[in-house]
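Listed below are the residues making up each chain.
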Amino acid sequence: MRRRDFLAGIGGLAVVGGGAVVATRSQTDESVEPVTVERIDADGDPAGDLRLPERGRPTLLTVFATWCSVCRRTMPEVVAVHDDAGDTQFVSVTNEAIGQTTTRADVADWWESYGGPWPVAVDTDLELTAAFDVRAVPHTVVLDSTNRIVYDEQGEKSAAELRDALASA
Amino acid sequence: MQRRSFLTSAAFLSGIAVAGCVGSGAEGGGGSEDTVLGPPDREYDVDPADLAYPAYGQPIPDFTLPSPLHDRAVSTREYVGERETLLTFVFTRCGGPCPAQTAALARTQAAAAEGGYADEVVFMPITFDPAYDTAGRIREFSEINGADPTAANWQFLRPETPERAKAVVGSESGFAVGFEEAEGGHGGHGGSPDQGEVLEPEAAGEEQSFVHTNLLLLVNRDGFVERAYSPQPPRPDIVITDLEAVREGYE
């Protein structure tokens with residue numbers, strides 16, 4: 001736990017409902033090893049394994065949950081970025097509990113209401129959650145074409161901030 | 001001790017007991033005789049005895065509370081001797097970390113079902129807002145956060161009254177999870193980074209914030225705390241990994 005996280009935790013406690021921005025982890029010079037998530041059938045996309053991040057182009061990853069109202073608000077911002085982002089891998093992944101009261105069909109429905117024209121997947125084995133240290137949602141990660149993390153943040157994001165992040169990728 | 005100072009100290013201490021820190025356990029051993037897992041990595045060397053809430057190696061207190069989804073009373077130590085127990089402390093109007101804590105339990109519940117050990121573990125979210133959290137709201141809150149509220153292992157406990165909630169959840173003879181109503185009573189929920197679904201957020205006049213300590217407890221089948229995750233909701237894969245390690249310790 002870095003000092004920044006520690007302080008953010010205390011801050012978060014003190015201002016429940018406040019507008020704290022929590023930076024998650026330091027950027028590193030290391031490339032991220034790809035992980036496999038379960039792509040689900042939404043908007044006519046086929047189900048199956050999906051590997052990310054891809055090499056050779058930037059990646060914008062959003063981790064969300066269908067229960068998360070901030071995720072719902074953030075998604076249109078990501079859609080706006082997607083519309084003029086050029087050659088970038090966009091992918092959104094939920095790590096929530098699937099198969100009990102929330103089903104894959106619920107995720108697909110949520111995605112058709114709020115998502116964008118890119119793959120949506122489930123972190124079935126929590127491999128991505130562990131690899132990207134996802135402690136809360138929404139969680140947004142931008143990686144450059146060599147799979148190095150250039151942006152790694154929790155919380156609500158604006159299109160402008162995400163564009164800046166992609167510009168640095 | 002005054003309520004406010006108690007809350008402040010509980011919040012501060014819970015901040016120190018951060019789970020999953022980078023620093024290695026500087027205690028040099030310090031493992032408990034009553035646990036499977038070794039001591040948690042902490043940034044600072046903290047004696048669990050100095051923490052207000054039940055921390056690593058300590059027993060959990062025993063309270064019998066209504067479990068409205070199952071229409072019976074359940075003790076916080078009911079499954080000691082049989083199962084691992086995971087507890088957390090929430091209120092359903094919470095726009096902050098409560099949905100995330102509940103979702104982490106739900107994710108673990110799903111893993112237990114997949115792993116064939118659903119009847120060897122029990123989940124006990126406890127509300128500290130019983131005035132608002134009716135059985136119906138508890139069921140809905142459980143469902144939207146991905147739990148199966150009909151499962152026998154999902155025991156969402158509801159103290160009978162706010163006073164009882166104070167005694168069980170908030171007091172130092174209880175779980176010592178500090179909470180109090182936020183200043184002004186109608187705190188916004190808008191920007192907390194890890195929030196989830198606020199139950200009935202548009203219900204005029206019913207919005208209420210509590211400032212509270214975030215705590216999720218993994219308790220072994222002997223009734224001792226293996227991990228006390230605080231102050232941020234734990235990553236679900238870490239909870240599942242820790243739970244399965246504890247289970248293996250009993251095989």
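Residues numbered from 1 in each chain as written. Chains lettered and ligands numbered in written order. Predicted model: local features only at pLDDT ≥ 70, side-chain atom pairs only at ≥ 80, totals over all residues. Heavy atoms only, no water.

Asker: Sorry, what's going on with the side chain of B:Gln155 here?
Answerer: All names here are of chain B. Tracing the sequence through the fold places Gln 155 in the loop between helix H3 (135–144) and helix H4 (162–170). Its relative accessible area of 1% is what places Gln 155 among the buried residues. Only 2.5 Å separates the side chain of Gln 155 from the side chain of Ser 67, close enough to count as a polar contact. The residues contacting Gln 155, other than those within four sequence positions of it, are Ser 67, His 70, Arg 72, Val 74, Tyr 79, Val 122, Phe 123, Met 124 and Pro 125. (Helix = DSSP H or I, 4+ residues; strand = E, 2+ residues; numbered from the N terminus. Buried < 20%, exposed > 50% of the residue type's maximum accessible area, 1.4 Å probe, protein only. Polar contact = N/O pair within 3.5 Å; in protein donor to acceptor, adjacent residues only side chain to side chain. Contact = heavy atoms within 4.5 Å.)

Asker: What's the story with the state of the cysteines in this structure? I'm lost.
Answerer: Tallied over the entire structure, the rule returns 2 disulfides over all chains. Two residues, A:Cys68 and A:Cys71, share a disulfide whose sulfurs are 2.3 Å apart. Because the sign of the S-S torsion sets the handedness, a value of about 85° for the bond joining A:Cys68 and A:Cys71 places this disulfide among the right-handed ones. We note that A:Cys68, like A:Cys71, is buried. Linked covalently through their sulfurs, B:Cys94 and B:Cys98 form a disulfide whose S-S length is 2.4 Å. Sign of the S-S torsion, about 80° for the bond between B:Cys94 and B:Cys98, identifies this disulfide as right-handed. Each member of the pair, B:Cys94 as well as B:Cys98, carries the same accessibility label: buried. (Disulfide = S-S within 2.5 Å.)

Asker: How do you make sense of the side chain of B:Asp129 when you look at a structure like this?
Answerer: Residues and elements named next belong to chain B. Of note, Asp 129 is situated in the loop between strand S4 (121–127) and H3. Given a relative accessible area of 5%, Asp 129 falls into the buried group. At 2.7 Å, the side chain of Asp 129 forms a polar contact with the side chain of Arg 93. Non-local contacts of Asp 129, meaning those with residues more than four positions away in its chain, are made with Phe 91, Arg 93 and Phe 210.

Asker: What exactly am I supposed to notice about the nonpolar core here?
Answerer: If you look at soluble globular proteins, the nonpolar side chains tend to sit buried side by side. Residue and element names in this part refer to chain B. Counting 55 residues, the largest nonpolar core has Leu 86, Leu 87, Phe 89, Phe 128, Val 169, Phe 175 and Leu 217 as the members making the most contacts within it. Mapped by element, the contributors of at least two residues to this core are strand S3 (84–90), helix H2 (98–114), S4, H3, H4, strand S7 (216–219), strand S8 (225–229) and helix H5 (236–249). Broken down by element, this core gets its largest block of residues, 6 residues, from H2. Not counting residues up to four positions away in its chain, the partners in contact with Leu 87 are Ile 60, Thr 76, Met 124, Ile 126, Phe 175, Leu 215, Leu 216, Leu 217 and Val 219. (Core = buried A, V, L, I, M, F, W, Y, C linked by side-chain atoms within 4.5 Å.)

Asker: Looking at this structure, I do not really get the pairing of S8(B). What am I missing?
Answerer: Regular strands place side chains that alternate from one sheet face to the opposite one. Residues and elements named next belong to chain B. The buried fraction of S8 amounts to 5 of the 5 residues, a majority that puts the element mostly inside the structure. Of the pairings in the sheet, the one linking S7 to S8 comprises 4 bridges and is antiparallel in character. Across the sheet, Val 219 pairs through a bridge with Val 225, a residue of S8. Hairpin connection between S7 and S8: a loop of 5 residues separates the two successive antiparallel strands, and Gly 223 in this loop has a positive phi of roughly 90°. (Pairing = 2+ DSSP bridges.)

Asker: What is the right way to look at the sheet that holds strand S5 (residues 120–122) of chain A in this model?
Answerer: What links the strands of a sheet is backbone hydrogen bonding, and the strands pair in either a parallel or an antiparallel sense. Residues and elements named next belong to chain A. Strand order in the open sheet formed by 7 strands is S2-S1-S5-S4-S3-S6-S7, with mixed pairing between adjacent strands. On the outer flanks of this sheet lie strand S2 (48–52) and strand S7 (149–154), each paired with one strand and no other. Neighbour-to-neighbour, the strand axes of this sheet turn through a mean angle of 30°, independent of strand direction. Here helix H2 (residues 69–82) sits on the sheet and contacts strand S3 (59–64) and strand S4 (89–94); the angle it forms with S3, its principal contact strand, is near 165°. Helix-sheet contacts for helix H3 (residues 104–114) involve strand S1 (35–39), S3, S4 and S5, and the interaxial angle to S3 is about 120°. (Axes fitted to C-alpha atoms, helices over the stretch in contact; angles between N-to-C directions.)

Structural measurements only, silent on function.
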